[in-house]
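This is what each chain is made of:
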Amino acid sequence: MERWLEEALDGIASQPVCGYYAGQTPASEPTALAAIALAQHGRSSCAHAALDYLRDAQNSDGSVGVRREETQPAWPTALAILAWKLAPDLRYESCARRGENWLLAARGKTMARTSDLGHDTTLVGWPWAAGTHSWIEPTAFAVLALKAIGQSHHPRTREAVRLLVDRQISGGGCNYGNTTCLGQTLLPHIQPTGIALTALAGEADDAGNITASLKWLSESISEMTPTTSLCWALIGLRAHALQLDQSLPWLQTVYQRVRNTDRSPYKTALILLAAANTTSLTSYHDFEKVTSP
Amino acid sequence: MSVSELERTKANVSTHELSTCQVNRRTLLAGSAAVAIGVSGWSAIRHALAPRAPVFIARNQSYDSRLERTLHDGLVSVGILPASYQGKRVLLKPNLVEPSRKIPHMTTHPAMILAAAEVFRRAGAEVVVGEGPGHIRDTEMALVESGVAEALHSADLRFADLNYEETRWTKNSGGMCGLAGFHFPRSVVEADLVVSLPKMKTHHWVGVTCAMKNLYGVIPGIKYGWPKNVLHHNGIPQTVYDINASLPKTIGIVDAIECMEGDGPIMGSAKWMGLVLVGTNLAAVDATACRLMDVTPEAVSYLRLAADRLGPIANGRVDQRGEAWESLASSFQVLDKPHLQALRPRPGIKVS
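Keep in mind the model is a prediction, meaning the values are calculated, not measured. Sequence order sets the numbering: in each chain, residues are counted from 1 along the sequence as written. Chains and ligands are labelled sequentially in the order written, the chains with letters from A and the ligands with numbers from 1. Local features in this predicted model are restricted to residues whose pLDDT is 70 or higher, and side-chain atom pairs enter the listing and the counts only when it is 80 or higher, whereas totals over whole chains, interfaces and linings include all residues. Where side-chain values are given, they derive from all heavy atoms of the structure, hydrogens and water being excluded.

Examining the overall build of chain A
Here's step 1: Regarding its fold elements, chain A presents 12 helices and 2 strands.
Here's step 2: Helix and strand assignments come from DSSP, with helices taken as H or I runs of at least 4 residues and strands as E runs of at least 2, each series counted from the N terminus. The linear arrangement of helices and strands in chain A, starting from the amino end, is α-α-α-α-α-α-α-β-β-α-α-α-α-α.
Here's step 3: The C-alpha atoms of chain A give a radius of gyration of 18 Å, which matches the 19 Å a tight globule of 293 residues would have.
Here's step 4: Over its C-alpha atoms, taken along the principal directions, chain A stretches across nearly 50 × 45 × 35 Å.
Here's step 5: Exposed residues in this analysis have more than 50% of their type's maximum accessible area, buried residues have under 20%, and partly exposed residues fall in between, with area computed by a 1.4 Å probe over protein chains only. Out of the 293 residues belonging to chain A, those deemed buried represent 62%.
Here's step 6: When the accessible surface of chain A is summed, it comes to about 10400 Å², and 48% of that surface belongs to carbon and sulfur atoms.
Here's step 7: Between the mean site of the 24 positive side-chain charges and the mean site of the 27 negative ones, chain A shows a separation of 3 Å. For a compact globule the rule gives 2.2 Å times the number of residues to the power 0.38, and the radius of gyration it is set against comes from C-alpha atoms. Note on areas: Shrake-Rupley with a 1.4 Å probe; residue coverage comes only from the protein chains shown. The sign given to each residue is positive for Lys and Arg and negative for Asp and Glu; His and the chain ends receive no count. A charge is said to be at NZ when it belongs to Lys, at CZ for Arg, at CG for Asp and at CD for Glu.

Looking at the packing of helix H8 (residues 190-199) of chain A against helix H10 (residues 227-239) of chain A
Residue and element names in this part refer to chain A.
Here's step 1: Axis lines are fitted to C-alpha atoms, over the contacting stretch for helices. Their N-to-C directions set the angle, which ranges from 0 to 180 degrees. At a closest axis distance of 7 Å, the pairing of H8 and H10 adopts a crossing angle of 30°. Taken as axis vectors, H8 and H10 run roughly parallel relative to one another. In this structure, H8 crosses over H10, and the sense of that crossing is left-handed. Every residue of H10 that contacts H8 at Ile190, Gln191, Gly194, Ile195, Leu197 and Thr198 is listed here: Thr228, Ser229, Trp232, Ala233, Ile235, Gly236 and Ala239.
Here's step 2: Three classes are used: nonpolar for Ala, Val, Leu, Ile, Met, Phe, Trp, Tyr, Cys and Pro, charged for Asp, Glu, Lys and Arg, and polar for all others, with Gly counted as polar. Among the residues forming the contact of H8 with H10, the class breakdown is 7 nonpolar, 6 polar and no charged. Relative orientations are named as follows: roughly parallel for angles under 35 degrees, roughly antiparallel for angles over 145 degrees, roughly perpendicular for angles from 65 to 115 degrees, and oblique for any other angle. Crossing handedness is defined as follows: a turn of the near helix away from the far one that is anticlockwise and smaller than a right angle gives a left-handed crossing, while the clockwise case is right-handed. Contact definition: two residues touch when any of their heavy atoms are within 4.5 Å.

With respect to the packing of helix H1 (residues 3-14) of chain A against helix H12 (residues 265-275) of chain A
All names here are of chain A.
Here's step 1: It is at 10 Å that the axes of H1 and H12 come closest, and there the two elements cross at 130°. Taken together, the axis directions place H1 and H12 in an arrangement best described as oblique. For the pair H1 and H12, the sense of crossing is left-handed. The segment H1 lies against H12, with Trp4, Leu5, Ala8, Leu9 and Ile12 engaging Pro265, Thr268, Ala269, Ile271, Leu272 and Ala275.
Here's step 2: Residue classes in the contact of H1 with H12 are distributed as 10 nonpolar, 1 polar and no charged.

So, helix H2 (residues 28-40) of chain A
All names here are of chain A.
Here's step 1: The span expected for a helix works out to 1.5 Å for each residue beyond the first. Taking 1.5 Å of rise per residue, the 13 residues of H2 would be expected to cover 18 Å, and the 18 Å separating its terminal C-alpha atoms lies within 8% of that figure.
Here's step 2: The element H2 is extensively covered by neighbouring structure, given that 13 of its 13 residues are classed as buried.
Here's step 3: Backbone geometry just downstream of H2 places glycine 42 in the positive-phi region, at approximately 75°.

Things to note about the side chain of Arg158(A)
Here's step 1: Following the sequence through the fold, Arg158(A) ends up in helix H7 (residues 155-166).
Here's step 2: Side-chain polar atoms of Arg158(A) contact the side chain of Glu203(A), separated by 2.9 Å. Definition of a polar contact: a pair of N or O atoms within 3.5 Å, with one able to donate and the other able to accept a hydrogen when the atoms are protein atoms, and with sequence-neighbouring residues admitted only if both atoms are side-chain atoms.

Some details on the interface of chain B and chain A
Here's step 1: Contact with chain B, which involves 39 residues of that partner, is made by 44 residues of chain A.
Here's step 2: Each salt bridge in this description consists of a side-chain nitrogen of Lys or Arg and a carboxyl oxygen of Asp or Glu lying within 4 Å of one another. In this structure, the connection of chain B to chain A is made through 5 salt bridges.
Here's step 3: Across the chain B-chain A interface, the total number found is 18 residue pairs in polar contact (both at pLDDT 80 or more).
Here's step 4: Among the secondary structure elements, those contributing two or more residues to the side of chain B that touches chain A are helix H1 (3-10), helix H7 (139-146), helix H10 (221-224) and helix H11 (229-233) of chain B.
Here's step 5: Looking at side-chain class alone, the side of chain B that touches chain A contains 17 nonpolar, 10 polar and 12 charged residues.

A few points about the nonpolar core
As a rule of thumb, nonpolar side chains are buried together in soluble globular proteins.
Here's step 1: Throughout this description, the term nonpolar core refers to a set of buried Ala, Val, Leu, Ile, Met, Phe, Trp, Tyr and Cys residues connected via side-chain atoms within 4.5 Å. Met200(B) and Ile243(B) are the most contacted members of the largest nonpolar core, which totals 169 residues.
Here's step 2: Broken down by element, this core gets its largest block of residues, 9 residues, from helix H6 (residues 136-148) of chain A.
Here's step 3: Look past the residues within four positions of Ile243(B) in its chain and what remains in contact with it is Phe182(B), Phe184(B), Leu215(B), Tyr216(B), Val218(B), Ile219(B) and Leu231(B).
Here's step 4: One finds Val90(B), Val127(B), Ile253(B) and Val278(B) within the second-largest nonpolar core, a separate group that totals 36 residues.

Thoughts on unusual backbone geometry
Here's step 1: In this structure, the amide linkage connecting Trp226(B) to the following residue, Pro227(B), adopts the cis form with an omega of 0°.
Here's step 2: Within the fold, Pro227(B) resides in the loop between H10 and H11.
Here's step 3: The omega torsion of the bond from Gly264(B) to Pro265(B) falls at 15°, within 30 degrees of zero and hence cis.
Here's step 4: Residue placement: Pro265(B) occurs in the loop between strand S10 (250-261) and strand S11 (269-279).
Here's step 5: Located in the positive-phi region is Ala241(A), a residue other than glycine, with phi close to 65°.
Here's step 6: Of note, Ala241(A) is situated in the loop between H10 and helix H11 (247-260).

Considerations on the pairing of S11(B)
All names here are of chain B.
Here's step 1: Counting buried positions over the 11 residues of S11 gives 8, a clear majority of the element.
Here's step 2: Here the rule is simple: two strands pair whenever DSSP picks up at least two bridges between them. Taken together, the 4 bridges between strand S1 (residues 53-58) and S11 define a ladder with antiparallel strand orientation. In the sheet register, alanine 58 faces S11, and the bridge partner there is valine 276.
Here's step 3: Relative to S11, S10 is paired through 9 bridges, and the arrangement is antiparallel. Bridge pairing in S11 places glutamate 261 opposite serine 269.

Thoughts on the confidence of the model for chain A
Here's step 1: Mean pLDDT over chain A works out to 94, with 95% of the residues at or above the 70 mark.
Here's step 2: Between residues 284-293 of chain A, whose pLDDT stays under 50, and residues either more than four places distant or in other chains, the model counts 28 contacts. On a scale of 0 to 100, pLDDT captures the predictor's confidence in every residue.

A word on the environment of Asp286(B)
Residues and elements named next belong to chain B.
Here's step 1: Secondary-structure assignment places aspartate 286 in helix H13 (residues 282-292).
Here's step 2: Residue class for aspartate 286 comes out buried when judged on its relative accessible area of 0%.
Here's step 3: C-alpha separation for the pair aspartate 286 and valine 300, spaced 14 residues apart in sequence, amounts to 9.8 Å.
Here's step 4: In this structure, aspartate 286 is in contact with Cys210, Ala211, Met212, Lys213, Tyr302 and Leu303, ignoring residues within four places of it in sequence.
Here's step 5: Engagement of the side chain of aspartate 286 in a polar contact is seen with the backbone nitrogen of methionine 212, the distance being 2.9 Å.

Description of the state of the cysteines
All names here are of chain B.
Here's step 1: Count a disulfide wherever a pair of cysteine sulfur atoms falls within 2.5 Å. Going through the model one piece at a time under the given rule, you end up with 0 disulfides over all chains.
Here's step 2: The thiol of cysteine 210 is not disulfide-bonded; the next cysteine sulfur, from cysteine 290, is found 7.7 Å away.
Here's step 3: The exposure class of cysteine 210 is buried, given its relative accessible area of 0%.
Here's step 4: Of the cysteine sulfurs around cysteine 259, a residue in no disulfide, the closest is that of cysteine 210, at 8.6 Å.
Here's step 5: By relative accessible area, which is 0% here, cysteine 259 ends up buried.

Put into structure tokens, the structure is as follows:
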């Protein structure tokens, strides 16, 4: 293992319960990502504190709030499930199961289709916060979690996959979750595209939306790409067996940038995830090729 | 934009919503007086008691070193002495909703941020730049694409990522939407002054976005989503009003130099105005921005709510400082959509 990678890993292993920035109150998303990163680099034994944090953050209904002290909204629940399923033993199985129950009950709000918006507003995915519309990232996280627990064929997973495909912009890529608005095609962004493509690994798409987004994404990144966007892009491409030769040098560059600036554990965890020698974020789980209905 | 954003913004602000306005002591006193004097005297009293606010306009501006002087003069002319913020915490809130190098006229220019920071720093204030971009989760991307990262680095300015900071719940002082309160980021709650530093733009749902709507960006994405859909589902005009009513002391400094018209706030076209606005009351600032864009302020739903509750929007109650708006107004293109028809005082330029 390269020295910089080992240094990053040691840093996360020593403090896996972490916030978005150095010194910040711990939060569920960076802590879950840290636990997943440790597992993917063979350091699961260092992840218990993170997994315990997520367990302590779990609400009685199975959801996990954004911070242990902030029970709502509960969009990190899917990431917590992913982290628990990577635990070296079965002690978090009940946490994952309760999380699954909550996840399957949570739904984004829909509305009748309108020509003002380009996407299919009737499809159900997951919202950031209860009582609101479904958006790309929480839906993709939920799909990843459901696949990880063997629910690839669940109707909610299938509908969410359709939603993610539908929300890809015609020229490739996606943003937070709108394609066109009042007839205007909107801008794609790297991070949500990477996350959506991670969730769409192994999915068939006759319309070619996934292929177009993969092309757009691979042409949109460089070592100058900001950290979390670059990491999710590499994770998303790798999930489709597109491994860039420059990945590690680029990640080393952004790691040095993080180290010299905000020292964000959240970004460091994502760098580790992007650098992991695995085929996807949830590669511990063998996904079968699923054909969209 | 969200589903509910669409639904809510198309709806007019109802009579019921208007009737739920805050009743303050001044209103009650004025009401008592009106009973005593009689209805005929009421309108005169109401006019005399109605709030007034100053708004400064500077013309012939560009993104250069003279901006700092302009902002200083503007602040002084509206009654803000930067020196009074010595040792105080000042939060500058630019608009970095969805930055793109290809669309620099979408976001507050870095030179505006640096000039505002320098005015307050020279006065001894502790200045922080803070934003919670509404459409992207990668805040570093927002800072890089907008050019603000480089500017912050060059000036050694601290940035507060409002999307991910710890939050404190604050009671909703406006009462127009259904939310009992807001989770404001720590940097916002602890600020002695929040400076809304928007770009003057048209907006495809609500008509105009300027100093008031820019404060959507103090709402943390980690709690409200990307986009901040909880706000949309509670009504854009109502939540714009309530956020403004619930924040600590605010002022507005508007980047109206290179603006956006047409399909704002993201995809519109650049329009050069060369103006800077400064004001102590954001409703008055935004009403003036509307007039400069040839938009009827009363047709902008959140301004209609704010009128005489959060501040004056009537032309006669805004005390113009610096340049008069009348000679500087220029029609901004607005989308040719039914929900935007009322924006124009007369048939204006539309784009399909």
